[in-house]
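Each chain, written out:
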Amino acid sequence: MPDRADSTQQGLPGRRLAWPWFLVVVIVYAGIIQGLGQLIGVDTDYSDSEFPTAESLVRNALIPIGASIVFGAAVVTWLGWWGEVLRYRAPVRRWVRWVPVSMIAVALIALNYGHLADQSPSLVACLILLGLFVGVGEELMFRGIGVHVFRRAGFTEGKVALYSSIVFGLVHVSNAFGQGAQALIQAVIVSTSGYFFYLCLRVGGVILLPMLVHGLWDVSLFSSLVGDEPQTDPGLVLIILLQVVLIAVLVVKRPPIEARNKTVAPELPG
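Here is a short report on the structure shown in this document. (Residues numbered from 1 in each chain as written. Predicted model: local features only at pLDDT ≥ 70, side-chain atom pairs only at ≥ 80, totals over all residues. Heavy atoms only, no water.)

Remarks on the overall build of the chain
- Looking only at helices and strands, the chain features 11 helices and two strands.
- Element order for the chain, N to C, with α for helix and β for strand: β-β-α-α-α-α-α-α-α-α-α-α-α.
- Out of the 270 residues belonging to the chain, those deemed buried represent 47%.
- Once local pairs closer than 6 in sequence are excluded, the contacts in the chain between residues at least 24 apart make up 77%.
- With an accessible surface of roughly 13,400 Å², the chain has 66% of that area assigned to carbon and sulfur atoms. (Helix = DSSP H or I, 4+ residues; strand = E, 2+ residues; numbered from the N terminus. Buried < 20%, exposed > 50% of the residue type's maximum accessible area, 1.4 Å probe, protein only. Contact = heavy atoms within 4.5 Å. Areas by Shrake-Rupley, 256 points an atom, 1.4 Å probe, with all protein chains shown as cover.)

In structure tokens form, the structure reads like this:
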């Protein structure tokens, strides 16, 4: 069980959470979202859209995700990690700044403004809230708790990024309850997105930046899918293209990410 920092965690504030227990936390987190969605959600099988109305968006997504945010915040509070979760001091090279900049720019350009203009104000407002909730909830769990769990376990920054991103992708397999095998492909794609959000955390030094980028990214992705008649927007091509370009740069070219002459570990509060 998690306990107060032991000899391997000496000098670190708060309680210790071993990574296997983090996986348990993630399972509970996913169970809250899926369980509440099944319990209070409304049937949308009559529509081609996952969120045809504001009510479906609230009951199928906002309330379950909101509950998961409360759960994540409670875990961070119990662990006593707010100082670490809110800040992440691990400098990177200047070129990495283009990751959040490009993601924000493409998310804003690819937003399906025309389709949203045809929707009710309440549905558009709920979509914006959905982006906010997803950005806060998922980043708090994975770039907040997850990153620090693996970092406290003594893994290198590369493995911290890799493992937290893999867990982030795997948890989306829970969507298979509603989407079938498609969720497996989504999990792979989401894992790469998780790495990009990790880089946003490194660039900003605070968790608010990946929360913002993540929220805008999801609003843009869902902007064509809400309402009674979802559309395929050409802007989606930009999102896919940017994802492919970032993967090519980071995986194929593999430019150095760590700041020059930085051999010290990321700063810890306290």
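A short note on the packing of helix 1 (residues 19–40) against helix 6 (residues 121–152)
- It is the contact of helix 1 with helix 6, at a shortest axis distance of 10 Å, that shows an interaxial angle of 170 degrees. Here helix 6 runs roughly antiparallel to helix 1, going by the angle between their axes. Contacts between helix 1 and helix 6 involve Trp 19, Phe 22, Val 25, Val 26 and Tyr 29 from the first element and Gly 137, Glu 138, Met 141, Phe 142, Ile 145, Gly 146, Val 149 and Phe 150 from the second.
- Class assignment of the residues belonging to the contact of helix 1 with helix 6 gives a composition of 10 nonpolar, two polar and one charged. (Axes fitted to C-alpha atoms, helices over the stretch in contact; angles between N-to-C directions. Parallel < 35°, antiparallel > 145°, perpendicular 65-115°, else oblique. Nonpolar A, V, L, I, M, F, W, Y, C, P; charged D, E, K, R; others polar.)

Looking at the nonpolar core
- Counting 50 residues, the largest nonpolar core has Phe 22, Met 103, Met 141, Phe 142 and Ile 145 as the members making the most contacts within it.
- Those elements giving two or more residues to this core turn out to be helix 1, helix 2 (54–79), helix 4 (98–110), helix 6, helix 7 (157–171), helix 9 (182–204), helix 10 (208–222) and helix 11 (235–253).
- The residues touching Met 141, leaving out its near neighbours within four places in the chain, are Phe 22, Val 25, Val 26, Tyr 29, Phe 71, Gly 72 and Gly 146.
- In this structure, Phe 51, Ile 65, Cys 126 and Val 219 belong to the second largest nonpolar core, which totals 15 residues. (Core = buried A, V, L, I, M, F, W, Y, C linked by side-chain atoms within 4.5 Å.)

Focus: the environment of Gly 35
- Structurally, Gly 35 can be placed in helix 1.
- Of the residues examined, Gly 35 reaches a relative accessible area of 35% and is grouped as partly exposed.

Overview of helix 2
- Taking 1.5 Å per residue, 26 residues should reach 38 Å; helix 2 reaches 36 Å between its end C-alpha atoms and fits that length.
- Where helix 2 bends most, the angle comes to about 35 degrees, and this point is Leu 62, followed within four residues by the proline Pro 64.
- Just downstream of helix 2, Gly 80 is the residue with a positive phi angle, here 75 degrees. (Expected span 1.5 Å × (residues − 1). Bend = angle between axes of the 7 residues up to and from the residue.)

Concerning the pattern of salt bridges
- In this structure the tally under the stated criterion is five salt bridges.
- Glu 157 is the partner of Arg 202 in a salt bridge, and the nearest nitrogen-oxygen pair spans 3.4 Å. Here the residue Arg 202 occupies a position in helix 9, and Glu 157 occupies one in helix 7, the gap between them amounting to 45 residues. Comparing Arg 202 with Glu 157 shows no difference in burial state: the two are buried.
- Taken together, the shared-partner salt bridges connect Glu 157, Arg 202 and Glu 258 into one network. (Salt bridge = Lys/Arg side-chain N within 4 Å of Asp/Glu carboxyl O.)

Structural notes on the packing of helix 4 against helix 11
- For the pair helix 4 and helix 11, interaxial distance at closest approach is 8 Å and the crossing angle is 165 degrees. In terms of orientation, helix 4 and helix 11 fall into the roughly antiparallel class. At the point where helix 4 passes helix 11, the crossing takes the left-handed sense. Contacts between helix 4 and helix 11 involve Val 99, Ser 102, Met 103, Val 106, Ile 109 and Ala 110 from the first element and Gly 235, Leu 238, Ile 239, Leu 242 and Leu 246 from the second.
- Considered class by class, the residues forming the contact of helix 4 with helix 11 number nine nonpolar, two polar and no charged. (Left-handed = near helix turned anticlockwise from the far one by under 90°.)

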